[in-house]
Amino acid sequence: MTRIFSSLLLACLGLFLCAALAAVRGGEAHALLGLAAAIFAVLCHALMFIYMIGTGKTLKEGVETRGLDPALLPEWRRDLGRAIAPGGLGTLAVTAAAVLAGFETPWIRRGVHPFLAILAFGATAWALARELSVIASNRERMRRAADLLSQGAPRGEAVEEAAGGRGSRGLYHALVLGGLTALGVYPYARFVAREADAPAFPFVPLGVALLLGGLALRFRGKAAR
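Note that the structure is a prediction, hence the values are computed from the model and not measured.

Q: What am I meant to see in the overall build of the protein here?
A: Along the protein, the regular secondary structure elements total six helices and zero strands. Of the regular secondary structure in the protein, the N- to C-terminal order runs α-α-α-α-α-α. Burial analysis of the protein (225 residues in total) assigns 36% to the buried set. Residue pairs at least 24 apart in sequence account for 74% of intrachain contacts in the protein once pairs closer than 6 positions are excluded. Per element, the accessible surface of the protein, about 12300 Å² overall, is 66% carbon and sulfur.

Q: Just checking my understanding: could you explain the packing of helix α2 (residues 29-65) against helix α3 (residues 72-100) for this structure?
A: Helix packing geometry: the angle between the two helix axes and the distance between the axes. Where α2 contacts α3, the axes come no closer than 9 Å and their chain directions differ by 160°. When the axes of α2 and α3 are compared, the pair comes out roughly antiparallel. For the pair α2 and α3, the crossing hand works out as left-handed. Per-class residue counts for the contact of α2 with α3 are 18 nonpolar, eight polar and two charged.

Q: In this structure, what is going on with the packing of helix α1 (residues 2-25) against α2? I would like to understand it.
A: One can describe the packing of α1 onto α2 by two numbers: an axis separation of 8 Å at closest approach and a directional angle of 160°. One way to sum up the angle between α1 and α2 is to call them roughly antiparallel. Crossing angle aside, the handedness with which α1 passes α2 is left-handed. Across the interface between the two elements, Phe-5, Leu-8, Leu-9, Ala-11, Cys-12, Leu-15, Phe-16, Cys-18, Ala-19, Ala-22 and Ala-23 from α1 touch Ala-29, His-30, Leu-33, Gly-34, Ala-36, Ala-37, Phe-40, Ala-41, Cys-44, Leu-47, Met-48 and Tyr-51 from α2. Per-class residue counts for the contact of α1 with α2 are 21 nonpolar, two polar and no charged.

Q: Whenever I open this one, a nonpolar patch on the surface confuses me. Can you help?
A: Taken together, Leu-89, Phe-115, Leu-119 and Trp-126 make up a surface patch of nonpolar side chains, about 360 Å² in accessible area. At three residues, helix α4 (residues 106-152) tops the list of elements feeding residues into the nonpolar patch. Its location among the elements puts Leu-89 in helix α3.

Q: I keep staring at the pattern of salt bridges and nothing clicks. Help me out?
A: A side chain of one charge can pair with a side chain of the opposite charge when the charged atoms of the two come close. Per the counting criterion, the structure on display carries five salt bridges. Across the pair Arg-144 and Glu-75 runs a salt bridge whose closest N-O atoms are separated by 3.0 Å. With Arg-144 in helix α4 and Glu-75 in helix α3, this pair connects stretches of sequence that are 69 residues apart. Residue classification places Arg-144 among the partly exposed residues on the basis of a relative accessible area of 34%. Several salt bridges converge on common partners, so that one network encompasses Glu-75, Asp-79, Arg-82, Arg-141 and Arg-144.

Q: Can you walk me through the side chain of His-113 in this structure?
A: Locating His-113 in the fold gives a position in helix α4. Discounting chain neighbours no more than four positions away, the residues touching His-113 are His-30, Ala-97, Ala-101 and Ile-108.

Q: For this particular structure, what's the right way to read the packing of aromatic side chains?
A: Each aromatic ring pair is described using two quantities: the centre-to-centre distance and the angle formed by the ring planes. Applying the stated rule across the entire model yields one aromatic pair. Between Phe-16 and Phe-121, the ring centres sit 6.1 Å apart and the planes meet at 90°, which makes this aromatic pair edge-to-face. You can see Phe-16 sitting in helix α1 and its partner Phe-121 sitting in helix α4, a full 105 residues away along the chain. Under the relative-accessibility criterion, Phe-121 is labelled partly exposed at 29%.

Reading guide: rules and limits
Residues numbered from 1 in each chain as written. Predicted model: local features only at pLDDT ≥ 70, side-chain atom pairs only at ≥ 80, totals over all residues. Heavy atoms only, no water. Helix = DSSP H or I, 4+ residues; strand = E, 2+ residues; numbered from the N terminus. Buried < 20%, exposed > 50% of the residue type's maximum accessible area, 1.4 Å probe, protein only. Contact = heavy atoms within 4.5 Å. Areas by Shrake-Rupley, 256 points an atom, 1.4 Å probe, with all protein chains shown as cover. Axes fitted to C-alpha atoms, helices over the stretch in contact; angles between N-to-C directions. Parallel < 35°, antiparallel > 145°, perpendicular 65-115°, else oblique. Left-handed = near helix turned anticlockwise from the far one by under 90°. Nonpolar A, V, L, I, M, F, W, Y, C, P; charged D, E, K, R; others polar. Patch = residues over 30% accessible without salt bridge, like charges linked within 9 Å, V, L, I, M, F, W, Y side chains within 5 Å. Salt bridge = Lys/Arg side-chain N within 4 Å of Asp/Glu carboxyl O. Phe/Tyr/Trp six-rings, centres within 6.5 Å; stacked < 30°, edge-to-face > 60°.

Fair warning: the whole summary comes from geometry, so function is off the table for now.
Written as structure tokens, this is what we have:
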């Protein structure tokens, strides 16, 4: 999970930087890259929440039905709060920046929009450090849970395996949803908004990449079982 999240967040930061460079040079590329960065940022933060909620549900079931230490749940809640802070701020900032980019009012386009875009970049960089720390802490907690179960039950790795399976399923659904959403941008702009010059890049390649990533993760999970 650490490698997946670090790769996604670094790619997101790269899109932010590309959008900023396009803004300096001018042209329509800034709007396209900025929207792609916004979609990707929301996807990254959503994946983190799905991962944390999935492992938390597994821990709760382990406490209620398999006799795990209840102290594991407060630890998980603290890590969830640590992940929500940068993830929630980043999602709010990048969504607001993308929406306000369409306003023609000068003080919004030249003041509020850049401020929110820079805030979203900073929150995503913050999330890169904070969420990777949370993942490491959560992985250690799930390992402890598996060790506790192994001392009292023959299926000691059940919690860790279930957490991994649920996390993989959640990531698969998120990637597929993100891919379908990205693929829908071009036909919407072309046939609904009737923009004759609507570009297919970067949304079609991004959507295909996300779908392929989700399908590859799905097949990998089935092969592992």
